[in-house]
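Here is what each chain is made of, one letter per residue.
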Amino acid sequence: MSDQVASMCDQLVKAVNVMMDPGTNQIYRLEALKFCEEFKESCAFCVPCGLQLAEKTQTSVVRHFGLQILEHVIKFRWNDMPQPEKVQLKNCAMQLLSNGTLSILEEESHIKDVLSRITVEMIKREWPQHWPDMLKEMEALTSLGESQTELVMLILLRLAEDVITFQTLPTQRRRDIQQTLTQNMDNIFSFILAILQINVDDYRKLKSIPGQELQAKAHCRVAVTTLNTLAGYIDWIALAHITNDNCRLLEMLCLLLSEGELQLEAVECLLIAVSRKGKLEDRKPLMLLFDDVAINYILSAAQSADGASISNQPSPTQPVEKVVVVERHYVFLKRLCQVLCALGSQVTSLVGSDVAVETPANLNKYMEAMLSFTTHHSQFLKSSTQIMWGTLFRHEILSKVPAVMEMSLKYLKATRTSNLVKTGFPSRNDSPSCEYSRVDFDSDEEFSSFFNLFRSQQGEVVRSACRLAPMEAFGDAAEWLRYQLSCPIDTGNTPAEGLCSVLSPSVVQWDAMTVFTECVLGQTFRNLTGEQLPIDQGIELLQAVLAYETKDPLILSCVLTNISALFPFVSHRPQFLPQVLTKVSSANHIHIGVCVCAPRTRTVKNVRRHACSSIIKMCRDYSPVILPCFDMLYDYVKKLFADEALLMQMEKCALMEALVLIGNQFKDFAKQKAFLEELMGPVVARWTSEETSHVLSDAALFLSYVGADQVASDQTKDTDVCANNRLSYCLQAMLAVVKRSRWPADLGEATSGGFVVGCSASGAPLFRNPCSSLVLAMLPNVLTIIRTHNNLFAPENMARLSHSYSKAYDLIDVEKNIVLGLPHPMIDIYDTPVYKSNLERMQGFFCTLYDNSYHILGNAGFSLQQDFYTIEGLAEKLVGSAFVSLDHQLVVSCPQEYYDSLLCPLVGPLFTYMLQRLNVKWQLINQRTSANGGEEEEAVCEESQVTQEMLEEQLVRLVTREVLDLLNEEMMTDLVQTAVSGQPGEALTDLGKCILKHEDIYMALLTISFGALSWKDTNICHRTASMICWNLLRPVIGGNLIPDAVTWFFTSVLKGLQLHGQHEVCNATLTLLAMFIYENLRPRYAELRAVMNQIPDINMQALDQCDHRVLDPKTQKFGHKKRKDQFKKLISGLVGKALCQQFRKEVHIRNLPSLFKKPKPEKDVTTEVLGLEALFSPQLANV
C-alpha cells in the first residue's frame, strides 16, 4: 500500500505543479484539475496521501493541496468513516499542529489558514460530546512555541466565525457549541488575555535588544493574531467579560494604542467593545474610558498617528516635497475617530437614562479630541464626527452643560472656516485634503457625491448648534457674509471672459458661506421671537446684499440665496420690499455679453431659473406681505413681457405664477377672475386659435409645424424655435395657473369672496376656482395634443421624421443617466449653450411638451374640482387621448360620486393595456436573462446596444413599479399589512370596492398582481406579495371563481417562490401568500392538491396531514407561526437556489446527543386532583 500511496503522491505533485505553472497549456491545466478532483472524490488513499503531501519537505503549493485533501475528507466523508479512522485522523491533525509547520515568520499564511480550517471542521463535528478535552489540548499546544500559539488563536477565531458570525452549522450543533463556548468563556477569555499579555510584554522587552529582532517579530505576530481573535469574540460575548476586573481588557487595549505595530488591531478591538449594545446598566462600566488615563492615551495616540499618517517624499517634477498619506496610520486614525464617536454614543445614551450616570468630568477633553478630528484635513474624518455632534447638541441634558454650549461655538467656527468649503478633489492639488481624498475616493464624481451628503449632515449639525447659541451663530453668519461682500472676486485659472467656474476660489467660498448663512438664519427665526430678533442687524445685512453688484452668474446665484434667507426680516420692515423685488427680478433677465439673443450658457440659465424660484418662493410664503406691491410688480412684468427676446418662456411663466400667488390674496372671486383673464388673455387666444387647433389635430401637420420633418439647418432653426416656444409657453402658462390659482383657505373668507357655490352630498362645501373658465377653454386642445403626441409613435409618423431628428423621441441624456442610476457629471461645461445641437433641442421640446400636458390633467382635478369632473363625456375624451397614462393626482382628487362615470371607464382600458404591454416586455426580459448559451456568449455586442437594453429593462421596471404603486395606493386601505399579519381587516378603499363591481377590470388587476410575482424583480415581487395580492384576492374568495383561475393564482405564487425563493424576504411573503390561498380555497377546489403533488420532493404524508387539517374543521388548529413553518417545510423542494448555491456540494454535519436538553417535568396527577378537590371543598364555601 505504501508503494501505491507513493506513486499516487508523485502523480498528484506533478498535477499540482502543472495547474499552478503559469506557462501550462489550458488543456493540460484542465486535465490536471480533473485528475485532482476525481482523486479527492473517489480515491481510498486520500488520508495517507494528504499527510504525505503536507510534510514540511514539500513545496508550499503541494503542502497546501495535501491539507486541502484532508479538509475535503473531513467535510464530505467524516460521517462514513469508522471511529478508529476518525481518531487517527484527529491525532494526525494535532501532530501537524505540533510540528508540521515552519517557524512563525517563515510559514505561509495560507498553510496556517488551512490547518486551522481542518481542526475547526473536526471541532464542528465532534466537540464537546466526543472531544471534551479540546480546549485543554489547545492550551497545551501554546506551550510548544509561537507558531503553535498563533495556530490556536486562528482556530479559536475560525470557530467563532463559523458558529456565531456565519452560522454554517445545523441549528442543534450550533446551539451545542455556542452554549459550550459560553459556559467556558471565563476560561477562554482569560486564556486569550494571558496569551496577549505575555507576548506583548516579550515583544516590548526584545524589540530594543540588538540581535533579538526576529524573536520580537515572532511575539508581535502572535499578539496581532491574538487581537484579531479577540475581535471575533468581543462582538457577541457577555459584556461582563469585557468589563471584568475593572475593565482590564479596555485598559490593555488603550495601552496598546501607542504601539505602532499593534495599534491598528488594538483599536479595532476597542471599537467593537465600545460599540456594543445591550442593557444600559451593563454598558455603564464603559464610562471608564472617560477617565484621565484612557482619554490621555487616546489623545496621544491620535496625535502621534496624525503625524505618522503623512510622509514627505521628494517629487521628481516639483522642487517642493510631496505629501504622501501612509495608509496604515490613516486607517488607524479612522478607527480611533470611530471609537470616539461610539464612546459619545454611549455617554448620550447613559446620561439622562434610568441608570445613574453623571456627566463625565472629562467631557470637555473628549470634545476637544472630537474637534481635532472635525478640523482634520481629511474630509472623511470630518464627516465621521457629524452624527455625534448632532446627537450631543440635541441631547436633553448634555446640551445644557456649559462646556457643550461653548463647544457649539467652536464647532460653528470650525465649520465656518473650513469644513463647508468644497475642497479636496482627488484630481487636484490645491488643498492638503487632496492627498487624503486620493486614498478615500476613486474619482471626483465619487468625492462630489460624498461631499454633498457631508454638507447636508453639517447643515443639520449647524442648525442644532444654532439652537444652543442663536445670537452668536447669527453674528458668525453676519461676519462671514460681510467679509465675502467686501472681497474681490478671484476667478482662478478660468479663461472665459473673466467669469468664475464652479471651482474658482471665490465661488467655493461664496457657496460655503451661503450654506452656513441659510442654516443659521433659518434657526434664528425659529428660536428667536419678538424683541429677541436682531431686526436692525438683519435689515443692515439685507441692504448690504442688495447693494452688492456682480454680473458673474455663479456669484449672483449665491447672492439670491442670501436675499431669500434674509427676506423674513422684510416682514418687519415692509419699506424695503420694492428694493428686494427689483433686485431679484433683475436677475430674471441677466445676460452675458453684448447680444441679448445670444445662446445662453448653462450658468446664465441656472441663475435666471434661480431668480424665478426665489420670486415664487417669496410670493408663496409671504404673499400677504407682498400684496401691497402687487401693482408695481405687475407693471414691471408687463414691461418685461413687451420685449420678446428679453425673457425665456420658463421665466415668463414663473413671473406669471408669482403674480397668481399674490392674486390669491385678493380673496375676491370676481377680481381674481378678471386679473387672470387679463394675464392669460394672449395665451388663451393663441392656444384656442383656429391655426393652433388645426396644427395640433394632425400628427403630420404638427411635425411640419415644429420642423421635425425637415433637415436641420441654420435657416430653419429660428423658425422652428419660435414655433416650439409658442406651444411650450402656452402649456407652461396654463400649468402655472392651474397649479397656483386657489380659493381662500378660510371658509368664511371663501364664502364672502364668492368662491362657495354649494355643498356636496356629504355636506362638504363646493368651491369654484377663478381660473376654471380659462382652463376649460384651453382643455380641448390639451387633450388633442396628447392624442397627437401619442400618435407620433405610429410607424407612418416615425417615417416622417427627417434624418436630423430621427432620434427626437429618444430619452435625453440626463433622463437616461437618471434611469440607469449614473451620476451626473461633477463639473459641467458652464460656458456652453444648454442645448448643444438641434436634436437635443427637439428632444427637450417633446419631453417638456409631454410632461406639461399630463401635469395639467393631473392638477386640473384638484384645482377645478367639480368644474372638471362634470365635463360632459370626460371619460371618453380622456380614453381617446391619454388613457395610456393615468395621473395619480387625477385619481386622488376625484370625488366618490364620479367613480363609476369617470374613473372606472379610465382604469379599465389603462390596466388592460398595461397588462398586455408588461407581459410582453417581461417575457423578453426573462428570456434575455435566462439565455446563457454559447451563441449569446460568442456574440459581440456593441456598448451602445448593451446600454440600450439596460435602459429599456430599467424603464420596464420603473413603469411596473409605478403601475403597482397606483394600484396599491388608490385601491388599498392603510390596513395593507393584513397579508403579513394574517388578521382580518378591510383591504379595499371606496375606489377599490367600486372596481370590484366590474369583473373585467378586477380580473385585470388580479392578473397584473399575480403575474408580477414571477417577473425578475425581487423588489416588485416582495411588494406585490406582501401588500397587494392577498388584499385583492380575499374579497372574491367566496365568489364563484373558475377552477382554472384559482389554479393559475396558486401556480403564480409557486413560480414566484421558484424564482425568488432564494431571497429570505421574498420567501417569507410568498410562503405566507401560498398558505393563505391553499387554506382558504383548498376546501372548494381540489385542483390545488394536484398542483401540490407536482412539487419536487414533497412529503406526501405531511401533505395529507395538512389537507386533513384544512378540510376537517374539527381538527385542532395550530398557531399562525407553526402553520407557516409547516407549510414552508412542505413546499421547500420548490424554492429556487441562488446561482452560487446550485452546483455546490452539500456538507452534512450530523447532530450529536444534546448536552443541554431540558427534561420535561413529570406531571403529578394526584396533586392536580387534590388541587381541584380542595378548590371545591366545603371549607372554602364558608369563607
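Residues numbered from 1 in each chain as written. Predicted model: local features only at pLDDT ≥ 70, side-chain atom pairs only at ≥ 80, totals over all residues. Heavy atoms only, no water.

Caption draft 1: Looking closely at the confidence of the model for the chain. Overall, the predicted model of the chain reaches an average pLDDT of 87, with 90% of residues at or above 70. Contacts of residues 314–321 to residues separated by more than four positions or lying in other chains number four contacts, the stretch itself having pLDDT below 50. In this model residues 932–941 is a low-confidence stretch, pLDDT under 50, and it forms four contacts with partners more than four residues away in sequence or in other chains. (pLDDT = per-residue confidence, 0-100. Contact = heavy atoms within 4.5 Å.)

Caption draft 2: Quick look at the packing of aromatic side chains. A complete count under the given rule lists 37 aromatic pairs for this structure. Taken together, a centroid distance of 5.6 Å and an interplanar angle of 20° make the contact between W389 and F393 stacked. With W389 and F393 both in helix α19 (residues 386–394), this residue pair falls four residues apart, about one helical turn. Neither residue differs from the other here; W389 and F393 are each classed as buried. Between the aromatic rings of F441 and F450, the centroid separation amounts to 4.8 Å while the plane-to-plane angle is 40°, which identifies the pairing as tilted. Every member of this aromatic cluster is reached through a ring pair, and the members are F425, F441, F447, F450, F451 and F454. Taking the ring centre of F380 as reference, the NZ or CZ of K334 above it sits at 4.7 Å. If you follow K671 out to its NZ or CZ, it ends over the ring of F666, 4.5 Å from the centre. (Phe/Tyr/Trp six-rings, centres within 6.5 Å; stacked < 30°, edge-to-face > 60°. Helix = DSSP H or I, 4+ residues; strand = E, 2+ residues; numbered from the N terminus. Buried < 20%, exposed > 50% of the residue type's maximum accessible area, 1.4 Å probe, protein only. Lys NZ or Arg CZ within 6 Å of the ring centre and 35° of its normal.)

Caption draft 3: Just the side chain of D476, in detail. Tracing the chain through its elements places D476 in helix α23 (residues 470–486). Lacking a salt bridge, the buried D476 has R416 as its closest oppositely charged neighbour, with an N-O distance of 4.1 Å. Setting aside its immediate chain neighbours within four residues, D476 contacts L412, R416 and F516. (Lys, Arg positive; Asp, Glu negative; His and termini not counted. Salt bridge = Lys/Arg side-chain N within 4 Å of Asp/Glu carboxyl O.)

Caption draft 4: How the structure looks around the packing of helix α24 (residues 505–527) against helix α26 (residues 553–566). For the pair α24 and α26, interaxial distance at closest approach is 9 Å and the crossing angle is 10°. With respect to their mutual orientation, α24 and α26 come out roughly parallel. Together, S506, V507, W510, D511, M513, T514, T517, E518, L521 and F525 of α24 and L554, I555, C558, V559, T561, N562, A565 and L566 of α26 make up the contact between the two elements. (Axes fitted to C-alpha atoms, helices over the stretch in contact; angles between N-to-C directions. Parallel < 35°, antiparallel > 145°, perpendicular 65-115°, else oblique.)

Caption draft 5: The environment of F862, seen in detail. Tracing the backbone through its elements, the reader meets F862 in helix α40 (residues 838–864). When the C-alpha atoms of F862 and K739 are compared, they prove to be 8.9 Å apart, with 123 residues separating the residues in sequence.

Caption draft 6: Broad picture of the nonpolar core. Grouped together as the largest cluster of nonpolar side chains are 353 residues, with contacts concentrated most on F702 and F846. Discounting chain neighbours no more than four positions away, the residues touching F846 are F702, L703, V706, A708, H789, L792, A808 and Y809. Grouped together as the second largest cluster of nonpolar side chains are seven residues, F441, F447, F451 and L503 included. (Core = buried A, V, L, I, M, F, W, Y, C linked by side-chain atoms within 4.5 Å.)

Caption draft 7: Here's a closer look at the pattern of salt bridges. Evaluated as defined, the whole model comprises 39 salt bridges. Between E121 and R125 there is a salt bridge, and its shortest N-O distance comes to 2.6 Å. Separated by four residues within a single helix, E121 and R125 lie in helix α6 (residues 109–126), roughly one turn from each other. On the basis of relative accessible area, E121 is assigned to the buried category, the value being 6%. A salt bridge links D965 to R1023; the shortest N-O distance between them is 2.8 Å. Taken together, the positions of D965 in helix α46 (residues 943–971) and R1023 in helix α50 (residues 1018–1027) put the pair 58 residues apart, joining distant regions of the chain. Overlapping salt bridges bring together E71, D113, R117 and R158 as one network.

Caption draft 8: Focus on helix α5 (residues 83–99). For α5, with 17 residues, the first-to-last C-alpha span of 24 Å sits near the 24 Å given by 1.5 Å per residue. Of all the residues in α5, the buried ones are K86, L89, K90, C92, A93, M94, L96 and L97. The inward-facing, buried residues of α5 contact α3 (46–53), α4 (60–77), α6, α7 (134–141) and α8 (146–165). (Expected span 1.5 Å × (residues − 1).)

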